[in-house]
Structures are given as C-alpha cells and as structure tokens.
2 protein chains.
Amino acid sequence: MALESYNVPLVKMARIPRATVNRLPLYLRVLERYPVEETTVSSQELADLIKENSAKVRKDLSFLGSYGVRGVGYNVEHLRFQIRRELGLTKIWPVIIVGAGNLGSALGKYGGFDANGFSIVGIYDSDPDKIGTTIGDLTVGAMEDIEGDAKELNAEIAIIATPVPAAQEVAERLAGAGFKSILNFAPMVLRVEGDIEIRRVDLSTELQILGYYVQQSLAES
Amino acid sequence: MALESYNVPLVKMARIPRATVNRLPLYLRVLERYPVEETTVSSQELADLIKENSAKVRKDLSFLGSYGVRGVGYNVEHLRFQIRRELGLTKIWPVIIVGAGNLGSALGKYGGFDANGFSIVGIYDSDPDKIGTTIGDLTVGAMEDIEGDAKELNAEIAIIATPVPAAQEVAERLAGAGFKSILNFAPMVLRVEGDIEIRRVDLSTELQILGYYVQQSLAES
DNA sequence: AGGTGTGAAACAGTTCACAGCC
DNA sequence: GGCTGTGAACTGTTTCACACCT
C-alpha cells in the first residue's frame, strides 16, 4: 500500500476561472483594510468596495469553497485566510528585477511589495557603471549573477524593467535560469519557449486605451 | 442648409468590443516595429507577433472596417493609420501626474510616452519640500495648481501615483477639475461619481496573480 | 428577514470552417 | 493557391432569480 498517497487529493480540485483569479487580489486588498470591529462582510458590501455586483462576488467566493453563512455573510478573517491560501501567500515570494534604470530603481525602492507577500531580493543590469551601486538596500548585480542567485535564493518570479532591445534576450535567459513567471514592463510581447507565465504591464498601452474611451466620450468602467 | 453637417457621420459607427480595444495598442506596437521593406502583413504574421491566433486578428481588424486584401494581407502603412485613428492618436494627448514620489518621478522621466501619443505636461505633489523641484524637464507644482493648469493645457487624462491614503481625495479633485480618465497606480479601487474612466495598474496584484499560477504550476499564458 | 449558493439564462469573446476574392 | 471576412458553433463570464439556511 502506498502510504504517500494519503495526502494526495483523490479528486482534482476544480480550477478557478481566470477572471476570478484576477479579482482575488482585489478582494484581499479590501479585506485587509476592512474595519477591525466588523467580523463579517456581505457580498453586497464587498461588491461596493470593488465596484462589482454581489452576484459576481458570491460566484467568485464560491470557487474557494463555501465559506459564507446564509443570512449573515462571510467571516472576514476566514475569508482573508482562504484567499491568501489560494493565492499561495502563505510564504514570502522572492522576486528579482532585471534592469536598474528609472523604472527598475523605482520598483526596487518601492516598499509596497513586502506587505503583499513578495520581497525584492536582487536587481541586475548590464551597464558596468550601475553594477555595484546600491538601490534601496540592494546592490546591483551583473547579468551573469542571475543564474546562481536565482538558485540560491529560490526565486521563480522575475520583473523585466529593461529597455525594449534587451527584453527578449533577458526573457530567454530567465527561462533558462528556471524562472516560472515574468512580469514584463518592456513595451513589447515576449516570446519564450516552455511553460512560463508572462504578464505585461504597459503604461503607454494603458494610456492609449484610456484615450480611446475619452475620444468616444463613453467613459464607463 | 447646415453646411457643418457634411462632416458628421450619418450612421453611428458600431462600437468596438472592449477586448478588441485592449488589443489595438498591441497591434500598433508590432506594426511600428514591422520591417520597413514589407508593405503587407498577414493575419497569421500579426498573430505570431502578439501570441494570438489568426482568426482573432482578422475579427479584431474587421471592426476597423475591411481593409485587408484577400490572398494578400493587410497594407502595413494603412493599418497603422487606421489603428491610430481609431485610438485617437492623431494628436498628442497632454497628461498630468499627481504624486512625485519614486513612481511618479520615474514616470515623469520615462521617455516612452512621447513616442506613443502622450506627453507629460505637469507633475504635482502636496509635499512642500517637493514643490518647485524639477523632474526631467518638469517643475513639481502644488495640488492647487491642477485646476488652472488642466484648463490651460487641455489635459483630460491624469495619472495617480500617490500613496493610498491620498488617492481617493486626489481622484475626486481630478473629477472636479474635469478630467475624463485616470490611470491609477495606487493599490486601491477608486470610487468617483460621474462618467470617468479609471484603469488600475497594480504591481502587487500582478505579482499575486503570477504567484497563483506558479503555485498551480500550470503556467500557460 | 437577511444573505448565501447555485442552476439556468443571457451575454461576451473566441475559434472554426469555408465562401469569396485576388 | 493564398488569405481575408464572417456566419455559426463553442467556450467563458456575468447576471438573474430563487431555494435554502440561520
């Protein structure tokens, strides 16, 4: 008899829809700022806080399992815990930044990550003038350091904050170094082999989309 | 006879789906980097460049009107023009930044906007120590300057790069000053009355979503 | 009474597949 | 032969509406 099998879930847990996953961090955000004196929260209250409707909130939360109480609402503390668990925020994830220009530096100094389950553990650049300088409490490393550091620090998530011409090459290097996902601030689409999740954050794109709706003057979120 | 009416479209043009609007800046991006010697591009080539499939590309582009040629593809130059026109990128949009901290400063110095149809024309902060200092070629203004400057400069789009506690108040001020849309970098949901388009860019949220997929080890974009 | 959980309906977005044109 | 344009099928997401529990 395979003893190890005891802890393996027999039924594959139903996957949470992407649209819902995208909203989970948002729920967590508002729950973390929720008044401490309130022990429960209703789907309607949550809906107001994230500008959605209560049916969507209930559907979303139902994917975490059924943790609400009819006639009462959801236990705030328990809900926070469930969402954190689902998002894997039970540990602090080490993250590295590649590119120590304006944006990379700003991200390195930005304190907001630590409170949200992530810690910037390294920042790298190819410019010899930048290597060795300090940003916040980090020292800028050389590109060649990435592979070794990543292994040592167990980093699986990287942020690309390089100029466009360098980004593709960096992405491939990161994939080779075993990174599982990349947050890409370079305004281009990265193409990398294998199972690697890439999300793009593109400021000009965001402005262009806003511009479209201003122009159409049908601003409605 | 109303002479002015000649230029007014008689038929209200069909609205472009949100999902398509979100991709238009991406098409424009790749078309702007497209080899100059190529005069046409196929839906398959575009699809490869943005990591989508060709059917989606054809559907998207069909909303701009039918500008492709069967058996040949799309004229690159014409397509660029159509997308720019649709996004309203026939002029440079003036944009202001509120918040001159790490992120606001980095955005103010970031040169990438100008090439993409936007120009940062003002940056504001409430900290008296920052007011009057320069960031790039901008001088940090006081919050009270926003209303007057916005009118003078015709700015309708603003970027919020303040800390969370200030963001809601700033958003309301911007709405009052006549801004039509806001790009919000403060990690919270802004609630503002009236027809104002707000997009949120939240770094921790992005990381949390990536973390979820790393954890599930089903990284697939 | 109040508020969740959830099938079912409605809607939005994607993909298929092929007629039609170059 | 190659590639677009587009109805039709399909998949994913949102919303409705109400049974059910406290």
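Scroll up to find the structure.
Parameters at a glance
- Residues numbered from 1 in each chain as written.
- Chains lettered and ligands numbered in written order.
- Predicted model: local features only at pLDDT ≥ 70, side-chain atom pairs only at ≥ 80, totals over all residues.
- Heavy atoms only, no water.
- Near = heavy atom within 4 Å.
- Polar contact = N/O pair within 3.5 Å; in protein donor to acceptor, adjacent residues only side chain to side chain.
- Helix = DSSP H or I, 4+ residues; strand = E, 2+ residues; numbered from the N terminus.
- Nonpolar A, V, L, I, M, F, W, Y, C, P; charged D, E, K, R; others polar.
- Contact = heavy atoms within 4.5 Å.
- Buried area = accessible area lost by both parts, 1.4 Å probe.
- Salt bridge = Lys/Arg side-chain N within 4 Å of Asp/Glu carboxyl O.

### What about the protein's contact with DNA strand C?
Inference 1: In the neighbourhood of DNA strand C, 23 residues make up the surrounding shell, with Ser43(A), Arg58(A), Arg70(A), Tyr74(A) and Asn53(B) lying closest.
Inference 2: The sugar-phosphate backbone supplies 64% of the atoms of DNA strand C found within 4 Å of the protein.
Inference 3: The separation between a phosphate oxygen of DNA strand C and a polar side-chain atom of Tyr74(A) is 2.8 Å.
Inference 4: Mapped by element, the contributors of at least two residues to the surface near DNA strand C are helix H3 (54-62), strand S2 (68-69) and strand S3 (73-75) of chain A together with helix H1 (18-32) and helix H3 (54-62) of chain B.
Inference 5: Broken down by element, the surface near DNA strand C gets its largest block of residues, four residues, from H3(B).
Inference 6: Its residues assigned to classes, the surface near DNA strand C shows eight nonpolar, seven polar and eight charged.

### Details of the interface of chain A and chain B
Inference 1: Listed as interface residues are 70 residues of chain A and, on the opposing side, 70 residues of chain B.
Inference 2: Taken over both partners, the interface formed by chain A and chain B buries close to 6700 Å², and the fraction arising from carbon and sulfur atoms is 62%.
Inference 3: At the junction of chain A and chain B, the tally comes to four salt bridges.
Inference 4: Asp202(A) serves as the salt-bridge partner of Arg29(B), at 2.2 Å between the closest nitrogen and oxygen.
Inference 5: Between the two partners, chain A and chain B, sit 18 residue pairs in polar contact (both at pLDDT 80 or more).
Inference 6: Breaking the side of chain A that touches chain B down by element, the ones donating at least two residues are helix H1 (18-32), helix H2 (43-50), helix H4 (76-87), helix H5 (102-109), strand S8 (157-160), strand S9 (181-184), strand S10 (197-200) and helix H8 (203-215) of chain A.
Inference 7: Looking at the side of chain A that touches chain B element by element, the count peaks at 13 residues for H8(A).
Inference 8: Considering only residue class, the side of chain A that touches chain B consists of 38 nonpolar, 13 polar and 19 charged.

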